[in-house]
Amino acid sequence: MENLAVFRFYDSLNDFLSSPNKDTQINYRFSGNPAIKDAIEALGIPHTEVDSILVNGSFVNFFHKLANEDVVQVYPLSNITNRTSQSLTPTLHSPVRFIADVPAGKLAKKLRMFGFDTAYQNNFTDEEVVEIAERENRIVLTRDIGLLKHKKIKWGYWLRSQHADEQLAEVAARYHLSKNINPLARCIICNGEIVPVNKKDIIEHVPPKTVELFKEFYQCTGCKKVYWKGSHYEHMLETIERLKL
Ligand SMILES: [Zn+2]
């Protein structure tokens, strides 16, 4: 026998719905008693974007069995400080750490530039992204909605924009990054930690003019790349200003 439940998704969850389903009641037909998480994902919304669920006026968890005539309201996780006491998203570890899938490589480099620990390789498979995210408690950043539906992913964010600067602004808003921006903390190339170094220790690895012009130098503890507050640093400050981070 076919059952019918009525769903209503709020605010940013409408980003995942097609026009006729946005900001309105959706009739959902189903058989048996599926977990409500499966029904929500079948309607197009990955669990990582859901904060809380009400069924017939009571909060439920993702394993709640959907029944005929249920009235379901689903609320988004708009940002991490807005987690409700009924939130289904586990508390984030601090400091936040990210992992970006292959198409989000430009964003990964920008996050590192601003000092955020972001795992990324241009040959990551989806399985590796899931495995590393789970093992290292990382937030998955992707434009692949299907990837965010993977059951092992606890934290994830669907990047709305296709442009890295706008994606950076989205992620900064969602995870309140602006207060923790720390330039010259992470290596853009390898995500290693960057530490201050003595000029004499890096003199051979830097153009003579740069050695003359700059006093402070930094080095990646991973790949040994040397950094200084040159044009790259200026560009970063300009981006912070422009994006109002
Ligand atoms: Zn490095």
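Residues numbered from 1 in each chain as written. Predicted model: local features only at pLDDT ≥ 70, side-chain atom pairs only at ≥ 80, totals over all residues.

A. Highlighting the domain arrangement of the protein. According to the domain assignment, the protein consists of domain 1 (2–82) and domain 2 (98–180). With ten residues of domain 1 at the contact, the number on the domain 2 side is twelve residues. Within the side of domain 1 that touches domain 2, the residues separate by chemical class into three nonpolar, four polar and three charged. (Domains from an automatic or database assignment. Contact = placed C-beta atoms within 7 Å. Nonpolar A, V, L, I, M, F, W, Y, C, P; charged D, E, K, R; others polar.)

B. Region of interest: the pairing of strand β3 (residues 50–55). Judged from the five bridges that link them, β3 and strand β5 (residues 71–76) form a sheet pairing that is antiparallel. Residue pairing in the sheet places Leu 54 in a bridge with Gln 73 of β5. Judged from the three bridges that link them, β3 and strand β4 (residues 58–60) form a sheet pairing that is antiparallel. Considered in β4, the bridge of Leu 54 is made with Phe 59. Linkage of β3 to β4, two consecutive antiparallel strands, is achieved through a turn of two residues, within which Asn 56 is found at a positive phi near 50°. (Pairing = 2+ DSSP bridges. Helix = DSSP H or I, 4+ residues; strand = E, 2+ residues; numbered from the N terminus.)

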